[in-house]
Amino acid sequence: FVLQHGDWRMFLEGFELVSAVATVTACLVSMMLLAAVSRQLWQFRWTVTRDRSCSLPIPKGSMGLPVIGETFHWLVEGSSFHSSRREKYGNVFKTHLLGRPLIRVTGSENVRKILMGEHTLVSSQWPRSTRMLLGSTSLINSIGDIHRHKRKVGYSKKTTAACALLKGHDLLL
């Protein structure tokens, strides 16, 4: 079998096409493997960093893609995002939005449990920028007994001021 000059050109063009297809396929497979490994490491991160002292189960839900979580789904779906997750996972579910993990709680009974157990079952935290703007000693950044004391002082001043205004007296605070 002898190849002539024109046959070599066809052979090389065919070889270049196969090489290009193989390269594209290898790139796609590599990207899929990288995405799969990245997703598994993302799930492993949330499993390993869990507070072992807490015996309560983590709610069902998805942490989404690494780093960005489910932010794109949330932006695209809008207000239906939370209702679709609630239908899928129930009234309490986990998700990852805007770079922060969170647990979404709906339903009056669930919300009541959380509000009644504030600072024992859960703790709330404002975004870092808000905490910095309001200051570390503000009412909103206080927790526990300190928060309760500041709230009582604030309400008593407002109540005293309101009573004085109703009676027509001047009040200096």
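Residues numbered from 1 in each chain as written. Predicted model: local features only at pLDDT ≥ 70, side-chain atom pairs only at ≥ 80, totals over all residues. Heavy atoms only, no water.

Visitor: Would you explain helix 3 (residues 80-89) in this entry?
Guide: Each full turn of the α-helix corresponds to 3.6 residues, which orients residues three or four apart in the same direction. Taken residue by residue, helix 3 has F81, H82 and R85 as its buried positions. Seen along its axis, helix 3 keeps its buried residues to an arc of 90°; they face one direction. Check the buried side of helix 3 and you find it contacts helix 2 (71-77), strand 1 (92-97) and strand 2 (100-105). Taken from the residues just after helix 3, G90 is the one with a positive phi, measuring 105°. (Buried < 20%, exposed > 50% of the residue type's maximum accessible area, 1.4 Å probe, protein only. Helix = DSSP H or I, 4+ residues; strand = E, 2+ residues; numbered from the N terminus. Arc of directions from axis to C-beta. Contact = heavy atoms within 4.5 Å.)

Visitor: Sorry if this is basic, but what is going on with the environment of T95 here?
Guide: Take T95: it is sitting in strand 1. Using a relative accessible area of 0% as the deciding quantity, one classes T95 as buried. Remark: the alpha-carbon pair of T95 and R85, spanning 10 residues in sequence, is separated by 9.0 Å. Here T95 is in contact with S62, M63, E70, F81, R100, P101 and L102, once residues within four sequence places are set aside. A polar contact is formed between the side chain of T95 and the side chain of E70, at a distance of 2.4 Å. (Polar contact = N/O pair within 3.5 Å; in protein donor to acceptor, adjacent residues only side chain to side chain.)

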